[in-house]
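What the coordinates show
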Amino acid sequence: MKHLKHHALYNSSPFFRYKNLSLLFFIISIGIATPLSASPLQEIDVTGTVMDAEGFPLPGATIIEKGTQNGTQTDFDGNFQLSVSNENATLVVSFVGFSTKEVPLSNQKNLTITLETDAAALDEVVVIGYGTQKKTDVTGAISSISGEDINSTKEGNAFNAMAGKVAGLDVGVTNASPGSSPSLLIRGRSSLNFSNEPLIVVDGIPMEGSLNDINSADIASMEVLKDASSTAIYGARGANGVILITTKRGKTGKAKFTYDTYYGFAEVPENYKLLDSDGYVSLRREARRAGQEEEQGLIPGTLPLPSIESSLEPLQLAAYQDGVNTDFLDLGTRAGQQVNHQLGVSGGSEKIRYNLSLSYFDQNGVYNLADYERYTFRANLDINATDKLKIGLSQQANFSKTNNYNPLAGLMSQPPLVTPFDEDGVATLDPLADGLNWNPLSNETPGNYIDETINYRYFANIFASYQILDGLKYTLNVQPQFESLTDNDFRASLSDSRTGGLSQASKATRVNTAYTIENILNYSKMIGDNHSIDATFLYSFQETKRDYLYLQVSGLANDSQTFNNLSDGSQVDNRDSSLQTEGWVSYMSRVNYGFKNKYLLTLTGRYDGSSKLSKGKKWGFFPSASFAWRIIQEDFLKNQTVLSDLKLRTGYGQVGRNPIAPYATFGSIKRLENSFGGNPAFGFQPEDIANPDLKWETTTTFDIGLDYAFAKNRIAGSIDYYTGKTTDLLLNRVLPSTSGYSSILQNVGETKNSGIELTLSTVNIETDKFRWTTDFNFSANKSEIVKLLDSQSDDVGNGWFIGQPLSVYYDRVFNGIWQLDENDVANSYGRRPGDIKLADLNNDGMLNDDDRKILGQLDPKWIGGFTSKMEYSGFDFLVTLYTRQGNLTRSRALENVTIFGRNNDLDLNYWTPENPSNEYPRPNINRERPLDNGVLSYVDASFVRIRNITFGYTLNKEVSEILGLERLRFYASAQNPFLFTKSNLKGFDPELGSGDNFIASPRTILFGLNVAF
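Per an unreviewed UniProt entry, the chain goes by the name TonB-linked outer membrane protein, SusC/RagA family and belongs to Galbibacter orientalis DSM 19592. Per UniProt, the comment on the chain under Subcellular location (unreviewed entry) is "Cell outer membrane". Entered under Sequence similarities (unreviewed entry) in the UniProt record, the comment concerning the chain runs "Belongs to the TonB-dependent receptor family."

Right, dumping it as structure tokens:
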């Protein structure tokens, strides 16, 4: 695909000249500071940072000079500035949920103050985007997970650890291959044509690409922003929700070293049950009999079963007589392994704090050639350059290599009457000499098969903040990103995909670069005793470039060169290249106002511009407002002892989505290859019609919630109800063929969704030695299509129906198997006993598309999670559970069923005259697949999965000190140990069953230790 004139249009656009405003923004900020700070102060200026024990800044902490009314509050980065009467003054530092601390100055002018949590009044601090906030002051729908909770399950991908821990977050494990990432969905779907995945922000950096290279042990917390009042701060990219990842930072103190390691093995808990040699022979005999009876027009069961000798090919018969009974699925899988090592060091002084980590992760999958390897280095640095200037760095560099391999379909289709290896242990190639069942184990012969992805990645946030005045601070963030991905692929002549033909090799390279520059001005002020203001203003711009190159050739001169010398290929099979560039410019403001710490208001507005849209459509404004009433602070609840917290909050706002590709508004052309007069001829023709009127998809949401706590926070939770409406959906409108185009992309649709979320956390038992806590969450979501293509007409071809969920299955209805006593009725529908019986929904005596209906929906009607944690005298025991209910899926294993005798099949209860099953149809050698077989693959996807069971022991402090350690913990962990489903199909996993790699999620047992010294 070629796009014309995009470089000139991109570079000449005045849209990107606004970058110079960054410098102007900074100069104005410094200019403001100069005259206002000219008057000398008689007191002593003291600056500092207040943080918790994990190194998180505490915004809104109160600092008062002891014995006076002189005081201030920290800003959203935990920083403060205060003028005190003398160098020996004492500061009293307090924060809700933490123990009050007195800090003598002793001639110090810059302080780092660490507060310890108060177990009786614990109140966590959450990241809200461009800052942090006390949870009690949050007005939007935000869920937070601590790094300890994320890392407790030792998942190779941090997002897998979130399953069942956040209300409203649906974590779908769609691929169990090593190095794979789950799908993420926050509060359901709202877009029909484009991704509904949330925006991921790591240490303030909006991320591009996959995030399976984030190490769980580096994470301090993850926040999920769910409603428009919390996501509007990210404007046009916040419609799908936002996940904020904050990594660990250093804190003042001596260097602390940590070493974490584990080793584990994985196995498929239950494989699909395939036919053995006897079952395969029986199916061949029945299939041949069915074919003969059909050809002769006989009622099923009229003929006897044919002999074994007449039902098998000569080589199959010889193998059967020799007792061959090969289980290819067993031969092609193995016990996987998983290894992780992480070394970290953190510490610092009043001037410099650091946190460094180096990790190695290696995972061998359950297929013999599948594995994933990752190296990750992370460095977080904070420097107090002066009393007013702070600079820092958050960066990560990583390398990963994935060997992709999925032989499942080939392994399951191999007949058991095949000898897999010859006398020398080499895989046989075409064991039946028919060219139809090439041995998939031939791929595992060294040099026959390579499919690897190599990834180099670096991203960073380089920042500097300057305290202009007391309460006024400017921050500059520079965020570069670089990613290089190379896909190397080689198939030798003797691999199962080439089946003796020419070898084939390819190489694809993708280089993605991006940078973001943010200018942030923050103002924080207490006005008297009752009013607090915290305002944040942002100007930022981002540019992204994606470069792609691909070449595929066949007929290499020497297979040993694999993909390293593509110029030697005798023919070029495919080639492609592309360049995409895009830019964003954003302005944002957010104001938090509090009155008496019980009436809280947040106003947010973001103005985003994108180069992907045409002139006049580039910009979008996304506002939101939210309000919270801390009822617990009212006088009428002051003297009661039942409630610990009670807060009502509500929010309303708009967020956007700009999912179109760069240059989509321009239209495109494609190259044609033909011949003219016997000579090659090349030309171009229009492919996509231009549409300069494309604009943002916009989602408007409303949320109302109640946060509560009882019995000194031993029982706490929340209730949320939300609605959302998405307008200007981007859909393809079908055009008349006379236009020369098939369709045009336009903003013409509308969807809505609504739901409820419940959370409940309890401290069930708490004594000096024993503590038991539980966390429960539940969420239900209903999505609905409101309008399509400016009309109320359904789009049956795409499976879109007005008033129905966004993703549904629409098909004919399985109604059992035609039985012998229904022969005449079956014949009237063109079927025979033993065939699949479809429901004639309109009773017109015909089976056609009018007999289709909505069978179910892809997304669950509700999801839930449960976590139980017990601690006793150094022992800890953790169980996590996750459930998805009310959704339907298609089993790829059942879709692949043939039951006609050439290939192997699932061991199913199929129909025969002697076994009148009502589950699966009769085998028939004349049909490669049963008639209407598609209806067999729909399966109830509801499940309950025990995600993790962990048992650990931490040595007591005295023993650890004898060993010269600060902490030593041993543990054993089981991932995915149990799965409960409504399906009776052995080996079926509802989360994975519909994908290409439809094997069950492996059960993994890990043994590890954590050391700190």
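1. A few points about the sheet that holds strand E14 (residues 205–206)
Strand order across the open sheet formed by five strands is E10-E15-E16-E13-E14, with mixed pairing between neighbours. Each edge of the open sheet carries a strand with a single partner, namely strand E10 (142–146) and E14. Sheet topology note: the strand E13 (residues 199–202)/E14 ladder contains two bridges and is antiparallel. Note on E14: the bridge partner recorded for Val202 is Ile205.

2. Structural notes on the domain arrangement of the chain
For the chain, the assigned domains read domain 1 (44–114) and domain 2 (125–265). Placing the centre of domain 1 and that of domain 2 at their C-alpha centroids yields a distance of 31 Å. Listed per partner, the contact involves 12 residues of domain 1 and 13 residues of domain 2. Summing both partners gives a buried area of about 1000 Å² for domain 1 against domain 2, and 65% of it is carried by carbon and sulfur. The largest per-residue losses of area from domain 1 upon contact with domain 2 belong to Phe56, Pro59 and Phe76, which jointly make up 43% of the total buried on that side. Counting the contacts that link domain 1 with domain 2 gives zero residue pairs in polar contact (both at pLDDT 80 or more). Classifying every residue of the side of domain 1 that touches domain 2 by side-chain character gives nine nonpolar, two polar and one charged.

3. Section: a nonpolar patch on the surface
Taken together, Leu648, Tyr652, Phe702, Ile704, Ile719, Tyr721 and Ile756 make up a surface patch of nonpolar side chains, about 580 Å² in accessible area. Those elements that place two or more of their residues in the nonpolar patch are strand E29 (643–657), strand E32 (697–710) and strand E33 (715–734). On the secondary structure map, Ile704 appears in strand E32.

4. Re the pairing of strand E2 (residues 62–65)
Of the two faces of E2, only one is covered, namely that formed by Ile63 and Glu65; the face formed by Thr62 and Ile64 stays uncovered. Bridge count for E2 against strand E3 (residues 71–73) is three bridges, and the pairing is antiparallel. Of the residues in E3, the one forming a bridge with Thr62 is Gln73. In this structure, the hairpin formed by E2 and E3 is closed by a connection of five residues, where Gly67 is found at a positive phi of approximately 85 degrees. With four bridges connecting them, E2 and strand E5 (residues 90–95) associate as antiparallel partners.

5. Quick look at the side chain of Arg606
Looking at the secondary structure, you find Arg606 in strand E27 (residues 599–610). Looking at Arg606, its side chain comes within polar contact range of the side chain of Asp608, at 3.0 Å.

6. With respect to the side chain of Asp859
Within the secondary structure layout, Asp859 lies in the loop between strand E39 (853–857) and strand E40 (862–872). Looking at Asp859, its side chain comes within polar contact range of the side chain of Arg189, at 2.5 Å. Once residues lying within four places of it in the same chain are set aside, the contact partners of Asp859 are Leu185, Arg189, Gly886 and Asn887.

7. Let's talk about the packing of aromatic side chains
In the structure shown here, the tally under the stated rule is 27 aromatic pairs. Considering the side-chain rings of Tyr405 and Tyr449, the 4.9 Å spacing of their centres and the 70 degrees angle between planes classify their relative orientation as edge-to-face. Highlighted residues: Tyr405 in the loop between strand E21 (389–403) and helix H9 (408–413) and Tyr449 in strand E22 (residues 449–469), separated in sequence by 44 residues. Overall, Tyr405 belongs to the buried group, its relative accessible area being 6%. The class for Tyr449 is buried, based on a relative accessible area of 17%. A ring pair is formed by Trp584 and Trp696, whose centres lie 5.7 Å apart and whose planes are at 45 degrees; its orientation type is tilted. Residue Trp584 is located in strand E26 (residues 571–595), and its partner Trp696 is located in the loop between strand E31 (679–688) and E32; the two are separated by 112 residues in the primary sequence. What makes Trp584 buried here is its relative accessible area of 5%. Through a chain of ring-to-ring contacts, the aromatic side chains of Tyr515, Tyr539, Phe541, Tyr587, Tyr607, Trp619 and Phe621 assemble into a single cluster. It is Arg237 that lies over the ring of Trp584; its NZ or CZ is 4.6 Å from the centre. The side chain of Arg945 reaches across the aromatic face of Phe943, ending 5.5 Å from its centre.

8. Remarks on helix H7 (residues 314–321)
Among the residues of H7, Gln316, Leu317 and Ala319 are the ones counted as buried. Along the axis of H7, the buried positions cluster into a sector of 165 degrees, meaning they face one direction only. The exposed residues of H7 that point more than 90 degrees off its buried face are Pro314 and Gln321. For H7, the elements touching its buried residues are helix H5 (277–296) and helix H6 (308–311).

9. Quick word on the pairing of strand E23 (residues 472–491)
Burial analysis of E23 places 15 of its 20 residues in the buried class, which makes it a mostly covered element. For E22 and E23, the ladder comprises 18 bridges, and the chain directions are antiparallel. When the sheet's bridge partners are listed, Arg457 is paired in E23 with Glu483. Here E22 folds back onto E23, and the loop between the two strands holds two residues, one of which, Gly471, carries a positive phi near 95 degrees.

10. What to know about the sheet that holds strand E1 (residues 44–51)
Within the open sheet, the three strands sit side by side as E4-E1-E7. Their pairing is mixed. Strands with a single pairing partner mark the edges of an open sheet, and in this sheet they are strand E4 (79–84) and strand E7 (110–114). With direction set aside, neighbouring strand axes in the sheet form an average angle of 30 degrees. Bridge count between E1 and E7: five bridges; the pairing is parallel.

What counts and how
- Residues numbered from 1 in each chain as written.
- Predicted model: local features only at pLDDT ≥ 70, side-chain atom pairs only at ≥ 80, totals over all residues.
- Heavy atoms only, no water.
- UniProt positions renumbered as here; feature names shortened; annotations may be inferred.
- Pairing = 2+ DSSP bridges.
- Helix = DSSP H or I, 4+ residues; strand = E, 2+ residues; numbered from the N terminus.
- Domains from an automatic or database assignment.
- Contact = heavy atoms within 4.5 Å.
- Buried area = accessible area lost by both parts, 1.4 Å probe.
- Polar contact = N/O pair within 3.5 Å; in protein donor to acceptor, adjacent residues only side chain to side chain.
- Nonpolar A, V, L, I, M, F, W, Y, C, P; charged D, E, K, R; others polar.
- Patch = residues over 30% accessible without salt bridge, like charges linked within 9 Å, V, L, I, M, F, W, Y side chains within 5 Å.
- Areas by Shrake-Rupley, 256 points an atom, 1.4 Å probe, with all protein chains shown as cover.
- Salt bridge = Lys/Arg side-chain N within 4 Å of Asp/Glu carboxyl O.
- Buried < 20%, exposed > 50% of the residue type's maximum accessible area, 1.4 Å probe, protein only.
- Phe/Tyr/Trp six-rings, centres within 6.5 Å; stacked < 30°, edge-to-face > 60°.
- Lys NZ or Arg CZ within 6 Å of the ring centre and 35° of its normal.
- Arc of directions from axis to C-beta.
- Axes fitted to C-alpha atoms, helices over the stretch in contact; angles between N-to-C directions.

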